[in-house]
Every structure is written in C-alpha cells, then in structure tokens.
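Spelled out, the chains give:
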Amino acid sequence: MGTEDAPSEPSASDRAGAPVGRRTILGLVGLGAAGVVGGSRVQDLLGRWLGPLEANDPTGLLALFPLGDTFRFYSVTGSVRTETAATYRLSVSGEVAHAATYTLADLQTMPQTHFVKEFQCVTGWRVPDVQWGGVQLSELITRARTSTRAKAVRFRSFDGTYTESLTMAEAMRSDVIVALQMLGKPVTHDHGGPVRMYCASMYGYKSTKWLSAIELTDTEIPGYWETRGYDINGSIG
Ligand SMILES: Nc1nc2c(c(=O)[nH]1)N[C@H]1C(S)=C(S)[C@@H](COP(=O)(O)O)O[C@H]1N2
Ligand SMILES: [Mo]
C-alpha cells in the first residue's frame, strides 16, 4: 500500500517551503520528544505539519514519529472552504427514487448513533477511544429508497477533490456513520466538519472529510487514494 506517486499534489514540503531532509527529520524527533514533556500543543502543531505527508511518504515511516496518540490533519487539497450550519448541504442522489438535500439541522434531527472507537490511518498512526456521533448512513440510504441497480455508494467532498466509495453491504453496517460529532463535540473544520464520514471498521482513508454528496451507483468506483494504490477494501485486519 501507499505506492502513490503524485508530484502534482500539495504536500507538506510545499507547505513548509522546503523539502523534508534528514536534518529536518532529526529535528522532528527532537520536537516529538519535546511534545511529550511540552504537552499536546507541540504535538498538535507538529501533527498538523506532518499530516499531508501521506501524500508523499510511501514508506509510511514519517507517520510513526513520536507524536503520541494524536490526530494528524489530512487534506489532499490546500485550503478548504468553511461550511457553517447555515450554508452546509448534503445531497443524496443517484440510483434512488427519492433524491434529497439535507441541511445540518435536518441531520441533527435524525436518530443519532454514538460509540467509542479507535481511529486508524493506514500509514500507522492511531488514536484510541474517540467518541463518535452521527446519523447511520443506512438511515439516509433507506430514506432515499434505492433502485435495484444500486450496488455501491460514492462519497464526495466539498474540498472539490476527495472521493471514496463503499459497497452496499459495507454502507449498510451500523458502525458506518455520517458523523456530526467526533472527540465528543461537533466535528471541527480541520477534521472535516461540519459533517464527515466515519467507517469504524476501516482505515481512515475510507472516511471522507467535508462530506458534500452521497451517490448511489451501480458499481463501486475507486476513490482518490484507491486510484493511487490503496486497496478499495479498507477493512482493518
Ligand atoms: N476530504 C478528505 N477526506 C479525507 C482525507 C483527505 O485528504 N481529504 N484523508 C483521509 C485519510 S488518509 C485519513 S487517515 C483521515 C484523516 O482524518 P483527520 O484529518 O481528521 O485526522 O481522513 C481521510 N479523509
Ligand atoms: Mo490515512
């Protein structure tokens, strides 16, 4: 996995204004150690800077720097526009009888599912015991009344670039949610808020951030990282 080679993508080195060299890496080890004594702030900043290395770190080794059990903020695009409770919309369309567009308030009024589950990126970092909450994807699919041609689900992001997919069987799992809550509070912008996917039994790349559209399709269409080498089956283990 992680054999992607996409020089046109924004990367951490673009952001930092310099390539990641050996001295930088040694410096990061020091900073990571400082994070242990200096508290989560250093780790947050470092994690934020290291995050996009998923775009150019085929070995995944950089993801194993001593940041502790902390989230990295990943985005394959540069900045992503902010959507608020007033502006956010989620469309459900494709092979359905009842296409719909939901506001954040619409989603908040639907039955909410809550659970605690580890978040795991395929490059090696993980965050245990994350509190998740949101609407089961199966609820939205059921409301849409799928046609017999619907065999898979495709996700789009309002970052304009990221896509993902699930088979219908995966999509109907009770632990696959359109997440409104993460870490026990509303999903922050950096984590893909106000609404992101969370597919609990799968690696992080299956969980689209800044979710804007859910499309029922007749075949499973490979997503962003899957056209760059990742397994379309993102199940952990
Ligand atoms: N829109 C979008 N969604 C995304 C990504 C991304 O770059 N853009 N990265 C994926 C990957 S590889 C991981 S591990 C998680 C990271 O989630 P986080 O940024 O909240 O830590 O988001 C996933 N969803
Ligand atoms: Mo990831």
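Refer to the structure above for everything that follows.
Residues numbered from 1 in each chain as written. Chains lettered and ligands numbered in written order. Predicted model: local features only at pLDDT ≥ 70, side-chain atom pairs only at ≥ 80, totals over all residues. Heavy atoms only, no water.

Undergrad: Which residues make up the overall build of the protein chain, and what values do they have?
TA: Along its length, the protein chain carries six helices and 10 strands. The burial tally for the protein chain puts 51% of its 237 residues in the buried class. If you take every contact in the protein chain between residues at least 6 apart in sequence, the share linking residues at least 24 apart comes to 67%. Counting every atom, the protein chain has about 10,900 Å² of accessible surface; 54% of that belongs to carbon and sulfur. (Helix = DSSP H or I, 4+ residues; strand = E, 2+ residues; numbered from the N terminus. Buried < 20%, exposed > 50% of the residue type's maximum accessible area, 1.4 Å probe, protein only. Contact = heavy atoms within 4.5 Å. Areas by Shrake-Rupley, 256 points an atom, 1.4 Å probe, with all protein chains shown as cover.)

Undergrad: Could you give an account of unusual backbone geometry, naming the residues involved and the relevant values?
TA: The omega torsion of the bond from G193 to P194 falls at 10 degrees, within 30 degrees of zero and hence cis. Within the secondary structure layout, P194 lies in the loop between β8 (185–186) and β9 (196–199). For L183, which is not glycine, the phi dihedral falls at a positive 60 degrees. Inspection of the secondary structure puts L183 in the loop between β7 (176–182) and β8.

Undergrad: Give me the lowdown on the environment of T113, citing residues and values where you can.
TA: Considering the arrangement of structural elements, one finds T113 in strand β3 (residues 113–120). Apart from the residues lying within four places of it in its own chain, the contact partners of T113 are W132, G133, G134, Q136, S174 and I177.

Undergrad: For the packing of aromatic side chains, give the residues involved together with the corresponding values.
TA: Within this structure, the stated rule accounts for 13 aromatic pairs. Plain terms: the ring middles of Y224 and W225 are 5.1 Å apart, the flat faces sit at 90 degrees to each other, and that makes the pair edge-to-face. We note that Y224, like W225, is buried. Members of the aromatic cluster, connected to one another through ring pairs, are F71, Y74, F115, F119, W125, W132 and Y198. (Phe/Tyr/Trp six-rings, centres within 6.5 Å; stacked < 30°, edge-to-face > 60°.)

Undergrad: I'd like a rundown of the environment of T161, residues and numbers included.
TA: Inspection of the secondary structure assignment puts T161 in the loop between β5 (152–157) and β6 (163–167). In the structure, T161 is positioned 86 residues away from S75 in sequence and 9.7 Å away in space, judged by C-alpha atoms. Residues within four places of T161 in sequence aside, it is in contact with V76, T77 and Y224.

Undergrad: Quick rundown of the sheet that holds β5? Include the residues and the values.
TA: Spatial ordering of the open sheet is given by β2-β1-β10-β5-β6, a layout of five strands whose pairing is mixed. Unpaired on one side and paired on the other, β2 (100–102) and β6 mark the two borders of the sheet. Shown here is a sheet whose adjacent strand axes are inclined to one another by a mean of 20 degrees, direction ignored. Where strand β1 (residues 90–94) lies against strand β10 (residues 211–217), four bridges are found, and the strand directions are parallel. Residue G94 lies in a different strand from β10, and its bridge partner there is L216. (Pairing = 2+ DSSP bridges. Axes fitted to C-alpha atoms, helices over the stretch in contact; angles between N-to-C directions.)

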